[in-house]
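What the coordinates show
So the chains spell out like this:
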Amino acid sequence: AENWIRIATEANRSRLCSLSDIEKLIETGNNMPLDLGELLRGLEAKRVPTRDWLQRFHAEVGRGDPPLECHSSGLFLLRRIRSLLTANGRAPALEALLAEDPLPASVPPLQLLRAESDARDLTTRVREALALRTAKMEALAGFHHEGLALRSGLPLPEEERDRWVLDHETELEFAMDRTEK
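What counts, and at which threshold
- Residues numbered from 1 in each chain as written.
- Predicted model: local features only at pLDDT ≥ 70, side-chain atom pairs only at ≥ 80, totals over all residues.
- Heavy atoms only, no water.
- Salt bridge = Lys/Arg side-chain N within 4 Å of Asp/Glu carboxyl O.
- Helix = DSSP H or I, 4+ residues; strand = E, 2+ residues; numbered from the N terminus.
- Buried < 20%, exposed > 50% of the residue type's maximum accessible area, 1.4 Å probe, protein only.
- Expected span 1.5 Å × (residues − 1).
- Arc of directions from axis to C-beta.
- Contact = heavy atoms within 4.5 Å.

This brings us to the pattern of salt bridges. Overall, the coordinates contain 13 salt bridges when judged by the stated rule. Here E44 ties to R47 by a salt bridge, and the two come within 2.6 Å at their closest N and O atoms. Taken together, the residues E44 and R47, both in helix α3 (residues 37-61) and 3 residues apart, mark about one turn of the helix. With relative accessibility at 27%, the residue E44 sits in the partly exposed group. Since its relative accessible area comes to 15%, R47 is described here as buried. One continuous salt-bridge network, built from bridges that share partners, spans R82, E116 and D167.

The next thing to look at is helix α1 (residues 2-13). Between its terminal C-alpha atoms α1 stretches 17 Å, which fits the 16 Å expected from 12 residues at 1.5 Å a residue. Along α1, the residues that are buried comprise W4, A8 and A11. Each buried residue of α1 lies within a common arc of 60° when the element is viewed along its axis, so the set occupies one face. Exposed residues pointing more than 90 degrees away from the buried face of α1 are listed as E2 and R13. The elements touched by buried residues of α1 are α2 (19-30) and α3.

Next up, the structure:
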């Protein structure tokens, strides 16, 4: 019980605790023969808005063809998010979900949405710099490192992370090769 109380207290203080961990703590706490009401209410206060956010996320991202449930791949979800961020009329709904960050608990879909939004912004900056044709190697390398950082921060297995390609990646690599010579 002491260990559960310590972990639940930490979970209530942190935004880094995952929703699944919070749900496990609630389930375990509800089965303990102790009065853990205050800690459980704190955990529930994190679970409810995070679950609500996930439902809205899945309602927005899950519609389409094929339905989201047909794919468990995070890479598929990233591609769906990217296409919705660039689709007329759909981006504002995702932007509104992103504006709710930080959530009370950590959930991978928010991390993926944030990554795709950041990737879209990076692509815009890269393409603007390349259009001016005055980008220096240092700036191009900085863009490249930003892209690598986005990729390495994805909450996906390494194989899927490595297959995630930024929209501007080929253009940037070509420009870097051309600038080096």
